[in-house]
Amino acid sequence: MLARNKDGKTWYKKEGEFTESDVKKFYRYQFKIPEGIQEIQFIFDYSPRALEDPEKNRQLIKSALQEDVKEYSEDDKVKVKKLFRQKIEMLFDEVYPIRNLLDVLLYDTEGNCVGNLASVGKVTWVNKRGASPGFTPWKIKPGMWMIEIVVASVVTKKCHYEMEILLFGKESGRGIEVKKEEKIVARAKIEERETIVKGENRWYAGELHVHSNYSDGENSIKEIIRKAKIEGLNFFALTDHNLVSGYDSIPQDSSFPIIKGIEITTFFGHALGLGMKSSVDWRCKNGDVRNVNDVINEVHAQGALFSIAHPYCIGDPVCAGCRWNFKETDYRLIDMIEVWCNSWRIGKIENCRSFKLWNKLLNEGLRVTGVSSRDWHDVDKVPKYGPISKTFVYANLLSEDKLIEGLRKGHVFVSSGPTVFFWTEHWGKNYMCGDEIEAVAQESIRFNIKVENLQTFAQLKIIRDGSVFFEKDLSPKEELIVGFSDIPISDKFDNKKLEDSWYRCEIYAADKERNLLCFANPIYVKKSKSKD
Ligand SMILES: [Zn+2]
Ligand SMILES: [Zn+2]
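Residues numbered from 1 in each chain as written. Chains lettered and ligands numbered in written order. Predicted model: local features only at pLDDT ≥ 70, side-chain atom pairs only at ≥ 80, totals over all residues.

> Please explain unusual backbone geometry as it appears in this structure.
Omega for the peptide link from Ser47 to Pro48 comes to -10°, which places this bond in the cis form. For Pro48, the position within the fold is in the loop between strand 4 (39-47) and helix 1 (54-69). At the junction of Asp316 and Pro317, the peptide bond is cis and its omega measures out at -15° in the coordinates. Tracing the backbone through its elements, the reader meets Pro317 in the loop between strand 14 (305-308) and strand 15 (336-341). Backbone geometry at Trp427 places phi at a positive 50°, although glycine is not the residue there. Along the polypeptide, Trp427 turns up in the loop between strand 19 (419-426) and strand 20 (429-432). Of note in this structure, Arg514 is not a glycine but carries a positive phi near 55°. You can see Arg514 is positioned in the loop between strand 26 (501-509) and strand 27 (516-527). For Arg514, a count of 13 C-beta atoms within 10 Å gives the class partly exposed. (Helix = DSSP H or I, 4+ residues; strand = E, 2+ residues; numbered from the N terminus. Buried ≥ 20, exposed ≤ 12 C-beta atoms within 10 Å, placed from the backbone.)

Quick look at the structure:
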């Protein structure tokens with residue numbers, strides 16, 4: 001790298017080109033910081049940023065979809081064919097223009113990650129008292145530092161990049177003021193907010209997957225909170241890509257908790273850690289990809305939950321690295337899966353596959369909680385393909401800890417409109433979705449579903465052990481209750497029935513699109529040991 005002195009600043013400059021053959025690789029550049037430096041500034045830019053030609057975009061989407069369909073069963077292929085053309089256009093609306101994706105990280109003399117570039121083409125700065133979004137305030141020690149360029153996706157023929165690093169003998173002071181001001185504004189807002197009654201057992205509406213301007217989101221945390229309230233959310237999880245530097249900007253407002261999360265964003269899939277304390281790295285020090293189960297264990301060691309994000313998202317090169325492709329995944333370690341991503345209408349194909357995976361895991365006896373995700377990047381973007389779902393969590397207090405506890409228990413339903421409460425009363429005690437009851441052979445259990453605010457004709461489906469067990473047509477109504485009974489454990493020598501069972505409830509619109517309106521997580525029935 002080139003080093004020069006200019007106007008008392010030392011600066012480094014580097015440029016180069018990436019092509020498709022560089023994708024999923026890292027490039028590391030070391031540079032020396034002399035004594036007496038207080039602040040680092042750098043600018044990174046690349047061009048073209050995206051593939052502009054609409055036809056080439058369609059072609060990429062089409063071939064990615066075709067690649068996708070190869071994995072489908074023959075039955076599903078027929079169903080998907082009808083949706084295929086429509087899906088290309090829907091995806092085009094969502095992803096055009098398909099972007100080149102370069103990520104830039106900065107490491108100090110000891111190899112600690114100082115930050116992850118959030119704004120391409122803008123000055124990013126870091127000193128010991130403050131930093132741009134995406135970076136942690138850091139003491140600038142002299143020695144060899146490192147910049148790493150992560151080439152996530154190149155969809156144009158070539159992608160040219162330029163990087164400039166400037167070193168300053170004193171802090172520029174910029175941004176530090178802004179940070180202070182933001183905190184004051186955040187504090188002032190607290191007084192305006194209505195506080196939710198504490199200590200109340202109830203369902204809280206949330207969004208578990210949100211990006212701020214600390215990574216590739218458009219909005220500050222403050223702006224997201226404002227919009228989240230307008231949308232009727234009681235909380236959300238801040239899940240910026242691979243970093244936790246946004247935590248410092250979370251206002252201390254107990255009436256609107258924000259779950260501290262992270263989106264572990266790899267070349268082979270994305271996952272959320274929820275309830276995090278610090279970042280986890282999906283790579284080894286030398287840049288190799290770690291075994292994902294080690295990463296999950298590290299998330300768990302922080303007391304946090306691990307959730308697979310958009311497992312069947314279309315993936316490379318349309319959404320680089322988004323598809324869950326870790327073959328070694330030990331699903332016993334997985335706490336949650338985003339089974340409902342995006343509006344159901346546009347996410348249908350992927351979401352149905354996620355439900356299939358979910359059913360398979362539940363049938364293996366695993367307790368995985370199904371959640372939804374908007375993957376919020378821009379609060380002003382209006383969803384074009386129908387309503388977005390929310391994840392409702394039952395908690396006895398609106399706090400980060402209690403929400404995590406509710407998620408851990410599977411006390412979760414997901415809805416884009418009507419609310420659905422699924423419960424059973426067993427020996428005088430109520431059990432809700434996510435709970436487990438014990439039953440003896442031949443014991444009949446009564447399950448209840450209460451639906452509120454149903455605006456359209458709909459169909460209720462009860463899924464037992466992965467198959468439809470009970471169906472009922474529903475009419476629009478403010479409140480309705482449906483019940484059904486079953487003998488979860490029979491004494492017949494029918495292997496299936498002697499095993500544990502699970503019941504989930506789903507409600508679909510009764511129109512020609514049959515979009516999912518809401519679902520409640522399973523109630524699990526375990527064979528009672530006492531009567532073995
Ligand atoms: Zn993602
Ligand atoms: Zn995301």
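> Can you help me understand the sheet that holds strand 8 (residues 143-153) in this one?
Reading across the sheet, the four strands line up as 3-8-5-6 and stay open at both edges, with antiparallel pairing between neighbours. Both outer strands of the open sheet, strand 3 (25-33) and strand 6 (113-116), are each paired with one neighbouring strand and no more. The average undirected angle you get between the axes of adjacent strands in this sheet is 20°. With seven bridges joining them, strand 5 (residues 101-107) and strand 8 adopt antiparallel strand pairing. Residue pairing for strand 8: Leu101 is matched across the bridge by Ser153. (Pairing = 2+ DSSP bridges. Axes fitted to C-alpha atoms, helices over the stretch in contact; angles between N-to-C directions.)

> Just checking my understanding: could you explain helix 1 for this structure?
Working note: α-helix, 3.6 residues per turn, so residues spaced by three or four point in the same direction. Helix length check: helix 1 (16 residues) gives 22 Å between terminal C-alpha atoms against 22 Å at 1.5 Å per residue, within 8%. Asn57, Leu60, Ile61, Ala64 and Asp68 are the residues of helix 1 that are buried. Considered in projection along helix 1, the buried side chains sweep an arc of 95° and stay on one side of the axis. Exposed side of helix 1, more than 90 degrees from the buried face: Glu55, Ser63 and Gln66 are the residues found there. (Expected span 1.5 Å × (residues − 1). Arc of directions from axis to C-beta.)

> Just to check I follow, could you spell out helix 2 (residues 74-95) for this structure?
In helix 2, a bend of some 50° at Phe84 exceeds every other bend along the element. Listed in full, the buried residues belonging to helix 2 are Lys87, Met90 and Leu91. Those residues of helix 2 that are buried are in contact with helix 1 and helix 6 (344-363). (Bend = angle between axes of the 7 residues up to and from the residue. Contact = placed C-beta atoms within 7 Å.)

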